[in-house]
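What the coordinates show
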Amino acid sequence: MKIAVTYENGRIFQHFGHTEQFKLYQVEDGKILSAEIVDTNGSGHGALAGLLSALKTDVLICGGIGGGAQMALAQSGIRLFGGVSGEADKAVESFIAGNLAYDPEAKCDHHDHHHGEGHTCGDHGCGSHNCGEHSCH
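Bear in mind that the values here come from a model prediction, so they are computed numbers and not experimental data.

Scanning all chains against the criterion turns up 3 aromatic pairs. The interplanar angle of 80° and the centroid separation of 4.8 Å between the aromatic rings of Phe81 and Tyr102 together place this pair among those described as edge-to-face. Remark: Tyr102 occurs in the loop between α3 (88-97) and β7 (130-131) and Phe81 occurs in strand β6 (residues 79-81); sequence separation between them is 21 residues. By the ring-pair criterion, three or more aromatic residues cluster together here, those being Phe81, Phe95 and Tyr102.

Here the focus is the side chain of Lys23. Positionally, Lys23 belongs in strand β3 (residues 21-28). Judged by relative accessible area, Lys23 falls into the buried class, the value being 12%. Among the polar contacts listed, one links the side chain of Lys23 to the side chain of Asp89, at a separation of 2.9 Å. Residues contacting Lys23, with those up to four places away along its chain left out, are Ile3, Ala4, Val5, Tyr7, Ala35, Glu36, Ile37 and Asp89.

Restricting attention to buried positions, one finds in helix α2 (residues 67-75) the residues Ala69, Gln70, Ala72 and Leu73. In an axial view of α2, the angular spread of the buried residues amounts to 165°, which keeps them on one side of the axis. Exposed residues lying more than 90 degrees from the buried face of α2 are Gly68, Met71, Ala74 and Gln75. Of the residues flanking the end of α2, it is Gly77, one or two places downstream, whose phi is positive at about 75°.

What follows deals with the pattern of salt bridges. Taken as a whole and judged by the stated rule, the model has 2 salt bridges. A salt bridge links Lys23 to Asp89; its shortest N-O distance comes to 2.9 Å. In this pair, Lys23 sits in strand β3 while Asp89 sits in helix α3, placing the two residues 66 residues apart along the sequence. Residue Asp89 is classed as partly exposed on the basis of its relative accessible area, which comes to 33%. Among the ionic pairs, Lys90 bridges to Glu87, the shortest N-O distance being 4.0 Å.

About the criteria used
- Residues numbered from 1 in each chain as written.
- Predicted model: local features only at pLDDT ≥ 70, side-chain atom pairs only at ≥ 80, totals over all residues.
- Heavy atoms only, no water.
- Phe/Tyr/Trp six-rings, centres within 6.5 Å; stacked < 30°, edge-to-face > 60°.
- Helix = DSSP H or I, 4+ residues; strand = E, 2+ residues; numbered from the N terminus.
- Buried < 20%, exposed > 50% of the residue type's maximum accessible area, 1.4 Å probe, protein only.
- Polar contact = N/O pair within 3.5 Å; in protein donor to acceptor, adjacent residues only side chain to side chain.
- Contact = heavy atoms within 4.5 Å.
- Arc of directions from axis to C-beta.
- Salt bridge = Lys/Arg side-chain N within 4 Å of Asp/Glu carboxyl O.

Right, dumping it as structure tokens:
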């Protein structure tokens with residue numbers, strides 16, 4: 001199984017559509033066999049789902065994610081676990097152990113305007129942390 005995590009400085013990046021890197025884990029028999037960091041090369045929301053599909057990803061762990069990206073992932077057969085924060089490695093270990101805390105309703109609903117304006121990051125816990133390059137209000 002291949003697990004991808006939106007990634008920045010060892011932690012889960014909180015905005016799927018703006019992630020610059022994924023950390024990909026190859027997992028078999030409940031163990032991480034390997035992990036690598038892959039650059040997204042600036043791909044946008046829709047292209048990121050295509051990139052994950054091309055990388056033969058089975059599972060995505062991320063923070064906030066928009067509805068369009070959720071649908072693209074579903075169409076690619078990639079299982080989504082959103083609303084997750086903290087260290088990427090620990091989240092994957094929790095997923096393997098079957099006790100990953102995630103929010104099936106996690107969304108970032110601010111894709112219709114430019115960053116820098118005020119927005120709300122759905123219900124993925126913004127307010128106590130930084131959502132990538134912008135702060136959630």
